[in-house]
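Here are the chains, one letter per residue:
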Amino acid sequence: MSTSTFRAAVVRDPGGPDSIEIIDVPVREPGRGEVRVAVAAAAVNPVDLAVAAGLFHARGVIHQPDHTGLGWDFAGTVVATGPDVDLAVGTRVAGLVDGFDRDHGSYAEQLTVPVAKLAVVPDGLDLSTASTVPVNGLAAAGILDLLGDATPGADRLLVTGAAGAVGGYLAVLAADRGWRVTGLARPADEEFVRGLGAEFVTHAEPGWDAVADCAVFQERALALVRDGGTLVGVQPGNAPATERGITVRTVVAGPDSTRLDDLLGRVAAGELPARVHAAVPLDQVPDAHRAVAGGGVRGRYVIHP
Ligand SMILES: NC(=O)c1ccc[n+]([C@@H]2O[C@H](COP(=O)([O-])OP(=O)(O)OC[C@H]3O[C@@H](n4cnc5c(N)ncnc54)[C@H](OP(=O)(O)O)[C@@H]3O)[C@@H](O)[C@H]2O)c1
């Protein structure tokens, strides 16, 4: 790497893992309210596979003339600061770059981002683990915003995909709001899900006051909600049509420094489950995407650029 460029994983003609390229891009100095971060770790999330596959290009959401940057979540160290920034060079931070239509992403040696999109990583929390928290922790918190507090007699919440990143955080956070949580996951996930303090099932019968559909069961999840209950999905713009008086919502995770600060603190304290499956270099992004696409991976692949 020269001092004026850095390496980044992008897609030009998205078509799955084989279309991912590592290119040199120019360093961008931080503007007002921004920092430049040397990325130590970038988590591989399902949304990244969808971007690389061209799903959002096909939906007309991405209009990049040359290349589209991959990756939302990151953790690293501040190496330069713009005006009106309180963070010192050397501060360890984690955050997310949200939105789809962008030429840059977190799968890169460097990232220039607004401080509003990140939080300081607490001492004692390693950067690989911290990089797995932002988008999925904020999604879980956003699902809880949509669910609200449980009420007496209407407090049974089913979390599908409870052994996944969003579902795992949600299973813990929902108990704080009075929900009695049951996690639906694969048979081998029983110990993990029960360790979150949730009940465990591999199949669910209908009748739940609320279902948080982190496994993207869609209509199958809707069928599990009681009449007049609540379904919260994770795919904005792709929610099942309501029926039987059910409230149907979808979450959109976005940057929130204050909330991310709290989530990172709770991960550092061991209260929230952040799991790293493996760390791989930038060159192996396509392999990591192939592995995640196969399913069954527990914990995140983390890119070490
Ligand atoms: N809207 C937003 O802002 C937002 C933000 C973050 C994430 N998301 C979305 O939320 C979803 C979950 O993300 P994630 O990171 O939590 O994914 P993840 O870690 O892959 O978790 C999904 C879990 O669901 C499980 N699952 C799938 N089918 C199942 C079945 N039939 N029975 C039991 N378990 C099953 C998976 O197990 P297997 O691996 O064994 O299949 C996996 O453990 C993704 O679609 C993601 O794109 C949305």
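Computed from a predicted structure; not experimentally measured.

(A) Here's a closer look at the overall build of the protein chain. Of regular secondary structure, the protein chain possesses nine helices and 16 strands. Expected size for 305 residues packed as a compact globule is a radius of gyration near 19 Å; at 19 Å, the protein chain falls within 12% of this value. Along the three orthogonal principal directions, the C-alpha set of the protein chain runs to about 60 × 40 × 35 Å. Looking at the 305 residues of the protein chain, the share that counts as buried comes to 52%. In the protein chain, 24 positive and 37 negative side-chain charges are present, and the distance between their average locations comes to 3 Å.

(B) Focus on the nonpolar core. In terms of nonpolar packing, the biggest core is built from 48 residues, with I143, L157, L170 and W179 touching the most fellow members. Every element with two or more residues in this core is listed here: β6 (92–96), α3 (127–131), α4 (134–147), β9 (156–160), α5 (165–176), α6 (190–195), β12 (208–213) and α8 (257–268). Mapped onto the domain boundaries, this core takes at least three residues apiece from domain 1 (5–132 + 275–304) and domain 2 (136–250). Core analysis: the second largest hydrophobic core is formed by 31 residues, A9, V97, V113 and Y301 among them.

(C) Summary view of the pairing of strand β13 (residues 225–233). Sheet topology places β12 next to β13; four bridges connect them, and they run parallel. If you follow A210 over to β13, its bridge partner there is T230. The pairing of β13 with strand β14 (residues 247–250) spans four bridges and is parallel. Its bridge partner being in β14, T230 is matched across the sheet by T247.

(D) Examining the site of the ligand more closely. Every one of the 24 residues lining the ligand counts as a neighbour, but V234, V251, A253, G296 and R300 are closest to it. Here an oxygen atom of the ligand and a backbone polar atom of A253 are 2.7 Å apart. Considering the ligand on its own, with 920 Å² of exposed area, one finds that the protein chains cover 79% of that surface. Only α4 and α5 provide two or more residues apiece to the shell around the ligand. For the shell around the ligand, a count of residues per class yields 16 nonpolar, five polar and three charged.

(E) Layout of the sheet that holds β12. The six strands lie next to each other as β11-β10-β9-β12-β13-β14, forming an open sheet whose pairing is parallel. Strands at the two margins of the open sheet, each flanked by one partner only, are β11 (199–201) and β14. Across the sheet, the mean angle from the axis of one strand to that of its neighbour is 20°, orientation sign disregarded. Bridge count for β9 against β12 is four bridges, and the pairing is parallel. What sits directly across from L158, in β12, is V211. On top of the sheet, α4 reaches β9, β12, β13 and β14; it is set at about 150° to β13, its chief contact.

(F) Fine view of the UniProt feature "domain: Enoyl reductase (ER)" (unreviewed entry) in the protein chain. Cross-referencing UniProt, the feature "domain: Enoyl reductase (ER)" (unreviewed entry) maps to residues 15–303 in the present numbering. Helix and strand shares over residues 15–303 are 26% and 29% respectively, and the end C-alpha atoms of the span are 20 Å apart.

(G) Layout of the domain arrangement of the protein chain. Segmenting the protein chain into domains produces domain 1 (5–132 + 275–304) and domain 2 (136–250). One C-alpha centre belongs to domain 1, the other to domain 2, and the line joining them spans 28 Å. Between domain 1 and domain 2 lies a buried interface of about 600 Å² when both sides are counted; carbon and sulfur atoms form 33% of it. Taken as a group, T132, R275 and R298 account for 61% of the area that domain 1 buries against domain 2, more than any other trio of residues on that side. At the boundary of domain 1 and domain 2, one finds one salt bridge. Between R298 and D189 there is a salt bridge; the shortest N-O distance is 2.8 Å.

(H) Focus on the sheet that holds strand β2 (residues 20–26). Spatial ordering of the open sheet is given by β2-β1-β4, a layout of three strands whose pairing is antiparallel. Across the chains shown, the open sheet's two edge strands, defined by having one partner strand only, are β2 and β4 (68–69). Relative to β4, strand β1 (residues 5–11) runs antiparallel, the two sharing two bridges. Counted as the bridge partner of V11 is T68 from β4.

Conventions used here
Residues numbered from 1 in each chain as written. Predicted model: local features only at pLDDT ≥ 70, side-chain atom pairs only at ≥ 80, totals over all residues. Heavy atoms only, no water. Helix = DSSP H or I, 4+ residues; strand = E, 2+ residues; numbered from the N terminus. Rg over C-alpha atoms; globule rule 2.2 N^0.38 Å. Buried < 20%, exposed > 50% of the residue type's maximum accessible area, 1.4 Å probe, protein only. Lys, Arg positive; Asp, Glu negative; His and termini not counted. Charge placed at Lys NZ, Arg CZ, Asp CG, Glu CD. Core = buried A, V, L, I, M, F, W, Y, C linked by side-chain atoms within 4.5 Å. Domains from an automatic or database assignment. Pairing = 2+ DSSP bridges. Near = heavy atom within 4 Å. Polar contact = N/O pair within 3.5 Å; in protein donor to acceptor, adjacent residues only side chain to side chain. Areas by Shrake-Rupley, 256 points an atom, 1.4 Å probe, with all protein chains shown as cover. Nonpolar A, V, L, I, M, F, W, Y, C, P; charged D, E, K, R; others polar. Axes fitted to C-alpha atoms, helices over the stretch in contact; angles between N-to-C directions. Contact = heavy atoms within 4.5 Å. UniProt positions renumbered as here; feature names shortened; annotations may be inferred. Buried area = accessible area lost by both parts, 1.4 Å probe. Salt bridge = Lys/Arg side-chain N within 4 Å of Asp/Glu carboxyl O.

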